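Here is what each chain is made of, one letter per residue.
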Amino acid sequence: VTSGKKDVSNFQQASDQSNRLLLASIIKALKIPGVLLSTISIIVTSMSIGFLQATLEPHLRQFSLSPVILGVMFVVNGGVYAITAPGFGWICDKRVKPKAILVLGTILVAVGFSLIGPAPFFPIKTVLWLTITGLVLHGLGMSAQLVASFTDALRTSVEQGFPNNLETFGLISGLWTSAFALGAFIGPSISGILYDYIGFRNSSMFVCATHLLVGFIIALFLMLARSSPYNEMKDDKVGNGEINPSAFARTTNNSLNESIKSARGSSISIERRPSCMNILISYNSYKSQTWNKRDSAPLAVGPISHSYGTLDFRNGDGSMRHV
């Protein structure tokens, strides 16, 4: 029972240590302006998706669409995203800076929402083909933002000193998922309230305004910021009392190496041949000289018994005579 309690306690301590390291790494990543902007871009993009999930169906009731056509309307932006996401990923890797793609994505989403309503400053009524066009542009915009935001956050974090390994990839991936979930919570919550009070056309301007604001900030940052060469951090501390995961890993490895050396230094020499050691191990060792008579007696067969480097003769009374 005591051993089980110790195991549970050790597991809890290890889990707490892991959580502290993860929290320290996330906070450290969010302190990087480029990563923070990418995270905000993910949030507003997810908000736009949640906005449509809550309000698109009431907005399309005026067209009296069949359930099949209504379902197709909901997959227009998702289908465009699925088709164009690999292309935006290739562009971010080979051609254009990810932040430039983020700016393009915010503009596309803003224009798309201006057409879905349409925006109140357009003196036209809601038209189905214009709504579909807006959904296509929204799919293009969210594809650009979601792909470029992850690429930019990962690249920026590595440039600012994070190790270029799977731990950093997992950290940025978790940050991306958390930001997306936060936007998916905020979007439907705000859209439902705005739709009840001011209608779809006016409430869609909230999404347009947030995307244009984020796009302007990213464009300003892109013009003023300069990329820095990769320089992996070597400090044992991150911020105030926060532990650097790479330093923690190095400390753990050093402790393990010292434990191995200590275990090797305290190993049992075969020359001592304690009583609990198998006598066959001693016999096969090149360091062995002779067997102890007590150990070799059980192996004596017949009048003559061989040991390593000696001859033992069995007397008539069963005793052994060493030569």
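Note that the structure is predicted; figures quoted are calculated from it, not measured. (Residues numbered from 1 in each chain as written. Predicted model: local features only at pLDDT ≥ 70, side-chain atom pairs only at ≥ 80, totals over all residues. Heavy atoms only, no water.)

A. Summary view of the overall build of the chain. Looking only at helices and strands, the chain has 10 helices and 5 strands in total. Residues classed as buried in the chain amount to 37% of the 323 residues present. The long-range fraction of contacts in the chain, counting pairs at least 24 apart against all pairs at least 6 apart in sequence, stands at 66%. Carbon together with sulfur atoms contributes 63% to the accessible area of the chain, which is approximately 19,000 Å² in total. (Helix = DSSP H or I, 4+ residues; strand = E, 2+ residues; numbered from the N terminus. Buried < 20%, exposed > 50% of the residue type's maximum accessible area, 1.4 Å probe, protein only. Contact = heavy atoms within 4.5 Å. Areas by Shrake-Rupley, 256 points an atom, 1.4 Å probe, with all protein chains shown as cover.)

B. Summary view of helix α5 (residues 98-116). Given a rise of 1.5 Å per residue, 19 residues ought to cover 27 Å, and the 27 Å separating the end C-alpha atoms of α5 matches this to within 8%. Buried residues dominate α5, accounting for 15 of its 19 residues. (Expected span 1.5 Å × (residues − 1).)

C. Spatial organisation of the packing of helix α4 (residues 76-94) against helix α6 (residues 128-159). Contact geometry for α4 and α6: axes closest at 8 Å, N-to-C directions at 40°. Note that α4 runs across α6; the crossing there is right-handed. Split by residue class, the contact of α4 with α6 holds 15 nonpolar, 8 polar and 2 charged. (Axes fitted to C-alpha atoms, helices over the stretch in contact; angles between N-to-C directions. Left-handed = near helix turned anticlockwise from the far one by under 90°. Nonpolar A, V, L, I, M, F, W, Y, C, P; charged D, E, K, R; others polar.)

D. Region of the structure containing the UniProt feature "transmembrane region" (unreviewed entry) in the chain. The UniProt record annotates "transmembrane region" (unreviewed entry) at residues 35-56, 68-88, 100-121, 127-148, 169-198 and 204-225. Structurally, residues 68-88 comprises 95% helix and 0% strand, and the distance from its first C-alpha atom to its last is 30 Å. Helix makes up 100% of residues 169-198 and strand 0%, whereas the separation of the span's terminal C-alpha atoms amounts to 42 Å. (UniProt positions renumbered as here; feature names shortened; annotations may be inferred.)

E. How the structure looks around the packing of α4 against α5. Where α4 meets α5, the closest approach of the two axes is 8 Å, and the angle between their N-to-C directions is 140°. Between α4 and α5, the angle is such that the two are oblique. Within the contact between the two elements, α4 uses F88, I91 and C92 and α5 uses P98, I101 and L104. Here the contact of α4 with α5 is built from residues that sort into 6 nonpolar, no polar and no charged. (Parallel < 35°, antiparallel > 145°, perpendicular 65-115°, else oblique.)

F. Just the packing of aromatic side chains, in detail. On inspection of all chains with the given rule, the structure shows 4 aromatic pairs. Where W176 meets F180, the ring centres are 5.5 Å apart and the plane angle is 10°; that geometry is what we call stacked. One end of the pair is W176 and the other is F180, both in helix α7 (residues 166-224) and 4 residues apart, which spans about a single turn. One aromatic cluster is present, built from ring pairs that chain together F51, F113 and F200. (Phe/Tyr/Trp six-rings, centres within 6.5 Å; stacked < 30°, edge-to-face > 60°.)

G. Representation of the confidence of the model for the chain. Residues with a pLDDT of 70 or more make up 63% of the chain, whose mean pLDDT is 76. The spread of mean pLDDT over the elements of the chain runs between helix α9 (residues 279-284), the lowest at 38, and α5, the highest at 95. In the predicted structure, residues 262-311 sits below a pLDDT of 50 and forms 52 contacts with residues beyond four places in sequence or in another chain. (pLDDT = per-residue confidence, 0-100.)

H. Here's a closer look at the side chain of S41. Positionally, S41 belongs in helix α2 (residues 33-60). With a relative accessible area of 0%, S41 lands in the buried category.

I. Region of the structure containing the environment of T126. Take T126: it is sitting in the loop between α5 and α6. With a relative accessible area of 15%, T126 lands in the buried category. Separated by 64 residues in sequence, T126 and Q62 place their C-alpha atoms 9.1 Å apart. The residues touching T126, leaving out its near neighbours within four places in the chain, are H59, Q62, F63, I116, G117, P118 and T131. Within polar-contact distance, the side chain of T126 engages the backbone oxygen of G117 at 2.8 Å. (Polar contact = N/O pair within 3.5 Å; in protein donor to acceptor, adjacent residues only side chain to side chain.)

J. Main features of the pattern of salt bridges. For the structure on display, the rule yields 3 salt bridges. R155 serves as the salt-bridge partner of D93, at 3.8 Å between the closest nitrogen and oxygen. One end of the pair, D93, is in helix α4; the other, R155, is in helix α6, with 62 residues separating them in the sequence. Judged by relative accessible area, D93 falls into the exposed class, the value being 52%. Where D152 meets K99, a salt bridge forms, and the shortest distance between an N and an O atom there is 2.8 Å. Within this pair, whereas D152 is found in helix α6, its partner K99 is found in helix α5, the two being separated by 53 residues in sequence. (Salt bridge = Lys/Arg side-chain N within 4 Å of Asp/Glu carboxyl O.)

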